[in-house]
Amino acid sequence: MNAPTDTALLQPQPAAANGWDFDDASDDAQASASNEKRLKIQRENHKLEKRLCREVARAIGDYNMIEDGDKVMVCMSGGKDSYTLLDILMKLRARAPIKFDLVAVNLDQKQPGFPEHVLPEYLQSVGVDFHIENQDTYSVVKRVVPEGKTTCGLCSRLRRAILYKVADQLGCNKVALGHHRDDIVQTLMLNMFHGGIMKAMPPKLVSDDGKHVVIRPLAYVPEKDTERWAQYRDFPIIPCNLCGSQENLQRQMIGDMLREWDRKHPGRVNNMFRALQHVVPTHLADPKLFDFQNAKPTGIADENGDKAFDHDDLPSNPSLPAGMQVVQLG
């Protein structure tokens, strides 16, 4: 005799019961969430592009970095900052009220394993004029600098001299470097801590040979923005392996310290940069900037004078980053 038939087993089973779920409502919800995420990323990247263009244009305007008819040599290292610099300058050139030319220049220093095809291929793909300068500075640096010592100083001096020569050969009257806001603040801290001098990287300066104008259009841009833009644009980044093993570089240590400050105290690094734009020589101590020896009372009130017996006022709330407030004690 046959065993009783379980009629439930003969009934059609829900798709989810056997692992095949074709629920249209679930798919629609997932597709909607995925689409919303994609749109959010697009909006954030669009906001980032607008911010980069605005800050670079503001720096160019504030310091008169680029003028009508200029030919700007954009120094390309293959790192995130120089890629960002070229990319934003090309966008601004297309909409600027003046005409200027760009030529991207890379110095191939003949480092072992350097992928020499990467930059030429990228620069061709974006349609910018470019020049690759081949100079074996790597061998010079390795021969001159003792093992274990920092190579960056000699490397940058050799690189600077070569790039100035290339600028002359190409007829470029401006040399654009990819240093950003955080680089500038790092340099200030390095010079204060290790050089005993209050000196940073200016957004614009005349070179030491007196022949070139060096500009830093990323002066107002934080490093985190160049990192995000490089990721979004998927630039073919080339690491600097000449000094890659130098983990204890002072600049790296200062950079780590500033990043930690900015994480714990948002706005601090930006305020340090703003301080470079608001210098009060009478309240420092350099007799070359202010004649302290001959300072005498004039009998005329000066609202910018020293309030010797007052507590320094802390910043007012409107100038603080969102979510922070000032509490004065005592």
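Just so it is clear, the model here is predicted, and its values are computed rather than measured. (Residues numbered from 1 in each chain as written. Predicted model: local features only at pLDDT ≥ 70, side-chain atom pairs only at ≥ 80, totals over all residues. Heavy atoms only, no water.)

A look at the packing of aromatic side chains
Phase 1: On inspection of all chains with the given rule, the structure shows seven aromatic pairs.
Phase 2: Taken together, a centroid distance of 5.3 Å and an interplanar angle of 50° make the contact between Trp229 and Tyr232 tilted. Highlighted residues: Trp229 and Tyr232, both in helix α7 (residues 223–233), separated by three residues, approximately one helical turn.
Phase 3: Taken together, Tyr63, Tyr220 and Phe273 form an aromatic cluster joined through their ring pairs.
Phase 4: Taking NZ or CZ as reference, Arg268 lies 5.1 Å from the ring centre of Trp261, over its face. (Phe/Tyr/Trp six-rings, centres within 6.5 Å; stacked < 30°, edge-to-face > 60°. Helix = DSSP H or I, 4+ residues; strand = E, 2+ residues; numbered from the N terminus. Lys NZ or Arg CZ within 6 Å of the ring centre and 35° of its normal.)

So, empty space enclosed by the protein
A probe matching the size of a water molecule, rolled over the atoms, marks out where space remains unfilled.
Phase 1: The tally for this structure, following the rule as stated, stands at one cavity of 30 Å³ or more.
Phase 2: By volume, the largest cavity amounts to about 30 Å³.
Phase 3: In this structure, the largest cavity is lined by Asn106, Asp108, Phe114, Glu116, Leu119, Pro120, Ile132 and Ile238.
Phase 4: Looking at the lining of the largest cavity, the elements with two or more residues in it are β2 (101–108) and α3 (118–126).
Phase 5: Residues belonging to the lining of the largest cavity are distributed by class as follows: five nonpolar, one polar and two charged. (1 Å grid on protein atoms, 1.4 Å probe; cavity = no way out; pocket = protein on both sides within 12 Å on 5 of 7 lines; lining within 4 Å. Points joined across faces, edges and corners; volume = space filled by probe spheres on them. Nonpolar A, V, L, I, M, F, W, Y, C, P; charged D, E, K, R; others polar.)

Things to note about helix α5 (residues 152–170)
Phase 1: Taking 1.5 Å as the rise per residue, α5 with 19 residues should run 27 Å; its terminal C-alpha atoms sit 26 Å apart, in good agreement.
Phase 2: What α5 keeps buried is the set Leu154, Cys155, Ile162, Leu163, Tyr164, Val166 and Ala167.
Phase 3: Just past α5, the residue Gly171 takes up positive phi, approximately 75°. (Expected span 1.5 Å × (residues − 1). Buried < 20%, exposed > 50% of the residue type's maximum accessible area, 1.4 Å probe, protein only.)

Considerations on the nonpolar core
Phase 1: Core analysis: the largest hydrophobic core is formed by 50 residues, its most contacted members being Val56, Ile66, Val72, Val74, Leu86, Leu89 and Leu102.
Phase 2: By residue number, the principal contributor to this core is helix α2 (residues 80–95), which donates seven residues.
Phase 3: In this structure Val74 touches Leu85, Leu86, Leu89, Leu102, Val103, Ala104, Val105 and Ala176, once residues within four positions along its chain are discounted.
Phase 4: Counting 14 residues, the second largest nonpolar core, distinct from the first, contains Val103, Ile162, Leu163 and Val214. (Core = buried A, V, L, I, M, F, W, Y, C linked by side-chain atoms within 4.5 Å. Contact = heavy atoms within 4.5 Å.)

Some remarks on the environment of Leu163
Phase 1: Among the secondary structure elements, Leu163 is positioned in helix α5.
Phase 2: Leu163 gets classed as buried once you look at its relative accessible area, which sits at 11%.
Phase 3: In this structure the C-alpha to C-alpha distance between Leu163 and Val105, which are 58 residues apart in sequence, comes to 8.3 Å.
Phase 4: The residues touching Leu163, leaving out its near neighbours within four places in the chain, are Met73, Cys75, Val105 and Leu107.

Side note on the environment of Glu55
Phase 1: Looking at the secondary structure, you find Glu55 in helix α1 (residues 24–62).
Phase 2: A residue is classified by how much of its surface remains accessible, and Glu55, at 13% relative accessible area, is buried.
Phase 3: As for Glu55 and Tyr220, which are separated by 165 residues in sequence, their C-alpha atoms are 5.9 Å apart.
Phase 4: Setting aside its immediate chain neighbours within four residues, Glu55 contacts Tyr220 and Val221.

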